Amino acid sequence: MTAFRLNRRALLVTGVFSGLALPTVARAQTTPWSREAFNAAMRASGRNGDVSAATFQAIQQRKARALASIESYLKARFQGEADPAVLRAFAEVPREYFHYNYDGGRASPGDAYEAEAKPWSVGFGSALSDYLGQAYMTQVCAPKPDHVVLEIGTGSGFQSALLSRIVAKQYSIEIIEPLGRGVSRIFEPLGYTNVQTRVGDGFFGWPEVEGGFDTIIVTCAAQYVPPAIIQQLKPGGRLVIPIGQPFRRGQFLYVYTKEEDGRVRSRKDVGVYFIPMTGAMMNRPPPPGTPVAPAGEPVAPSPGHAPIPRRPAG
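Everything numeric here is computed off the predicted structure, so don't read it as measured data.

S.K.: Give a description of helix α4 (residues 131-141) that names residues and reports values.
M.R.: The buried fraction of α4 amounts to 11 of the 11 residues, a majority that puts the element mostly inside the structure. When we look at burial in α4, the residues that qualify are Y131, L132, G133, Q134, A135, Y136, M137, T138, Q139, V140 and C141. Between the side-chain oxygen at the start of α4 and the backbone nitrogen of L132 there is a gap of 3.0 Å, and the oxygen is on D130. Looking at the residues trailing α4, positive phi occurs at A142, about 50 degrees.

Put into structure tokens, the structure is as follows:
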């Protein structure tokens with residue numbers, strides 16, 4: 001549901017990625033991705049927008065370069081290690097399918113895999129985050145094939161699609177009703193049957209999911225950690241969440257882990273800049289003793305997009 005920028009099924013298009021040796025992901029797409037498959041999936045999802053043969057080919061050529069950039073980016077930030085499952089998910093999920101403005105009903109697949117990664121508006125004040133930032137957050141989540149994951153802030157749906165190619169079950173909550181309803185229809189045409197979405201306030205998590213979550217990823221800036229989210233983490237689980245005041249500098253990504261005995265540990269990660277978590281977060285005071293993000297320097301959002309986070313130091 002937010003733009004993030006760090007300053008933020010099993011067949012690939014023939015020949016484009018032949019040089020990449022990547023492991024198999026847990027979930028498989030039923031048919032090869034092609035221009036015809038793109039157009040059919042768009043129609044099945046209830047969205048407008050066909051793509052020409054020339055545009056589709058240009059997208060796939062840019063994708064190969066973007067994948068190389070993602071691999072280099074992750075290696076530079078994770079001590080030379082780029083998670084092969086994350087790379088494979090990026091190779092398999094067709095990002096161009098998620099370039100869509102739900103407010104205006106306009107597809108823009110030709111914008112996918114831009115040379116300089118940036119966020120793109122998907123309408124209703126939300127954005128498709130830039131691909132480098134999403135790669136970073138996905139690897140921070142450390143997804144595994146048996147994991148059950150919750151995303152708070154569905155937005156374009158791309159982050160959930162990525163994780164669904166790696167994990168057993170992917171849940172996602174979107175607070176903006178027309179956006180949440182529109183995006184809920186895009187996964188089935190791709191064969192992504194392990195994704196479940198709903199419209200609601202992510203402040204409360206998804207308590208109906210029995211057993212809780214191995215990972216919870218929040219893609220909007222919270223002023224403090226909602227208690228329900230910590231409660232719904234499994235022992236050994238991980239929460240990845242931006243903490244900071246709305247439209248202020250000084251936001252940081254935090255990683256919380258729950259010990260087997262229920263104790264929670266946290267570490268401060270990179271500086272980021274996200275649009276705020278709305279709903280109950282905006283009007284409920286934090287529980288006593290809960291750390292709250294300090295006020296920071298105000299920053300105006302970029303026109304047409306959610307604010308752009310900063311690059312990590314180094």
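S.K.: Run through unusual backbone geometry, naming residues and quoting values.
M.R.: Notably, F124 is not glycine yet its phi reads approximately 60 degrees, a positive angle. When its relative accessible area of 31% is taken as the criterion, F124 is described as partly exposed. Located in the positive-phi region is A142, a residue other than glycine, with phi close to 50 degrees.

S.K.: Go over the environment of Y73 with me, naming the residues and quoting the values.
M.R.: Assignment of secondary structure puts Y73 in helix α2 (residues 53-77). C-alpha of Y73 to C-alpha of L132: the two residues are 59 residues apart in sequence and 7.2 Å apart in space.

S.K.: I'd like a rundown of the side chain of Q134, residues and numbers included.
M.R.: Secondary-structure assignment places Q134 in helix α4. Side-chain polar atoms of Q134 contact the side chain of R95, separated by 2.9 Å. Residue contacts for Q134: discarding those within four places in its chain leaves F90, R95, L128, S129, F158, Q159 and L162.

S.K.: Can you explain the nonpolar core? Please cite residues and give values.
M.R.: Within the largest apolar cluster, 59 residues are counted, with the highest numbers of intra-cluster contacts made by W33, I70, F90, Y97 and F98. With sequence-adjacent residues up to four places away left out, I70 is seen in contact with L87, F90, Y131, L132 and A135. With 26 residues, the next largest nonpolar core counts V148, F203, M277 and M281 among its residues.

S.K.: How would you sum up helix α1 (residues 35-44)? Please name residues and give values.
M.R.: Within the sequence span of α1, burial applies to A37, F38, N39, A41 and M42. Packing partners of the buried residues in α1 comprise α2, β1 (100-101) and β2 (106-107). One or two positions beyond α1, positive phi appears at G46, with a value near 80 degrees.

S.K.: How would you summarise the layout of surface pockets if you had to cite specific residues and measurements?
M.R.: Taken as a whole, the largest pocket holds about 320 Å³ of empty space. Along its surface, the largest pocket is lined by 17 residues, and Y224, V225, I243, Y256 and P291 are the ones closest to its centre. Elements supplying a minimum of two residues to the lining of the largest pocket: α7 (227-231), β10 (251-258) and β11 (264-272). With three residues, the single largest contributor to the lining of the largest pocket is β10. When the residues that make up the lining of the largest pocket are grouped by side-chain class, the tally is 14 nonpolar, two polar and one charged.

Rules used throughout
- Residues numbered from 1 in each chain as written.
- Predicted model: local features only at pLDDT ≥ 70, side-chain atom pairs only at ≥ 80, totals over all residues.
- Heavy atoms only, no water.
- Buried < 20%, exposed > 50% of the residue type's maximum accessible area, 1.4 Å probe, protein only.
- Helix = DSSP H or I, 4+ residues; strand = E, 2+ residues; numbered from the N terminus.
- Polar contact = N/O pair within 3.5 Å; in protein donor to acceptor, adjacent residues only side chain to side chain.
- Contact = heavy atoms within 4.5 Å.
- Core = buried A, V, L, I, M, F, W, Y, C linked by side-chain atoms within 4.5 Å.
- 1 Å grid on protein atoms, 1.4 Å probe; cavity = no way out; pocket = protein on both sides within 12 Å on 5 of 7 lines; lining within 4 Å.
- Points joined across faces, edges and corners; volume = space filled by probe spheres on them.
- Nonpolar A, V, L, I, M, F, W, Y, C, P; charged D, E, K, R; others polar.

Interpretation note: all reported values are geometric properties and have no functional meaning in isolation.
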